[in-house]
Amino acid sequence: MVSSYKTFTLAEQLNNEQINFFNEHGFIHFKKFINPETVSSIIEASKQVEQQWIDNDLQKVNGVPIKYGKDLDGSPIVQRFAFINQHHQTLSGLLLDPRFNGLLPLAGDGARLGTEEKDGMVFNHYINGPESKFTKMGWHTDGLRDIFYGGKLNPMLNVGIHLSTLKPENGGLKIIPGTHKQSIYQMLFRKKYFLDHQPDPQEVSINPEAGDLTIHDGRLWHRVAQSSIRGEESRRRVIYIPIIAGKYAPKNENSPTVFYQRFAGIVK
């Protein structure tokens, strides 16, 4: 199992070394994208949105189910927010950072931040406690949904903004580098989607510090490993925003729940 890899610093334009690294491995890790004060303000904004959604018993945003859970003290929390960028100025403002524009060429011509498409900006809050409903996620690719609908497999990259510092025992994102170049057959059948949580000999652990940014190609096989520690030290927050190409397909409050999201209960 590979545990180390080269990290980079993100400017407004990627250099050739960074582009080549991403094209070869299907992921890249940038250090110190945002400072600790910005991290704190984002977490505070998420708590404000969370309280609004709990008070209003909101179940879906633009057709995407909200995943609720319980904190360590048993109080309700939101563990997966969709389109959170549409619910707080701090989060929508984050996406105005000009460095995001420098990432778009990695997905090819016509690429854009998916602020109104897919699930928008997703905010995940993991906690390994007695009543948590969101501690891990099995092996999957993000390209499956395009195949499932019989559409073209358009480029889709996931930009992760990490709000917690992770040690290996915290679990977190595991990827299999290079699998963004795999065949459709391998994308469909290499692993049992969401049901397989076993470590892979070729996987790489992404262990960011709070404020780091990562990008991984949606065609990569990846999983979220459960923290081996419980309680407060297992708390982990991360934002994901997609970079997508292809036909523009925004969602709104009347959008239906797509088929694969009806099985969200299998994702723990």
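Cut-offs and rules
Residues numbered from 1 in each chain as written. Predicted model: local features only at pLDDT ≥ 70, side-chain atom pairs only at ≥ 80, totals over all residues. Heavy atoms only, no water. Phe/Tyr/Trp six-rings, centres within 6.5 Å; stacked < 30°, edge-to-face > 60°. Helix = DSSP H or I, 4+ residues; strand = E, 2+ residues; numbered from the N terminus. Buried < 20%, exposed > 50% of the residue type's maximum accessible area, 1.4 Å probe, protein only. Arc of directions from axis to C-beta. Polar contact = N/O pair within 3.5 Å; in protein donor to acceptor, adjacent residues only side chain to side chain. Salt bridge = Lys/Arg side-chain N within 4 Å of Asp/Glu carboxyl O.

Caption draft 1: Fine view of the packing of aromatic side chains. Across all of its chains, the model carries nine aromatic pairs by this definition. Centre to centre, the rings of Phe8 and Phe30 are 6.5 Å apart; their planes meet at 55°, and the pair counts as tilted. Within this pair, whereas Phe8 is found in the segment before helix H1 (16-25), its partner Phe30 is found in strand S1 (residues 27-30), the two being separated by 22 residues in sequence. For the pair formed by Phe8 and Phe30, the shared burial category is buried. In textbook terms, an aromatic cluster arises when at least three aromatic residues are bridged by ring pairs, as seen for Tyr5, Phe8, Phe21, Phe27 and Phe30.

Caption draft 2: Main features of H1. Considered for burial, the residues of H1 that qualify are Gln18, Phe21 and Phe22. Here the buried residues of H1 occupy an arc of 95° about the axis, which is enough to place them on one side. Residue Asn15 occupies the N-cap position of H1, its side-chain oxygen lying 3.1 Å from the main-chain nitrogen of Glu17. Just downstream of H1, Gly26 is the residue with a positive phi angle, here 85°.

Caption draft 3: Representation of the pattern of salt bridges within the structure. Taken as a whole and judged by the stated rule, the model has 13 salt bridges. Here Lys191 ties to Asp200 by a salt bridge, and the two come within 2.7 Å at their closest N and O atoms. Note on Asp200: relative accessible area 8%, which makes it buried. Arg223 serves as the salt-bridge partner of Glu203, at 3.0 Å between the closest nitrogen and oxygen.

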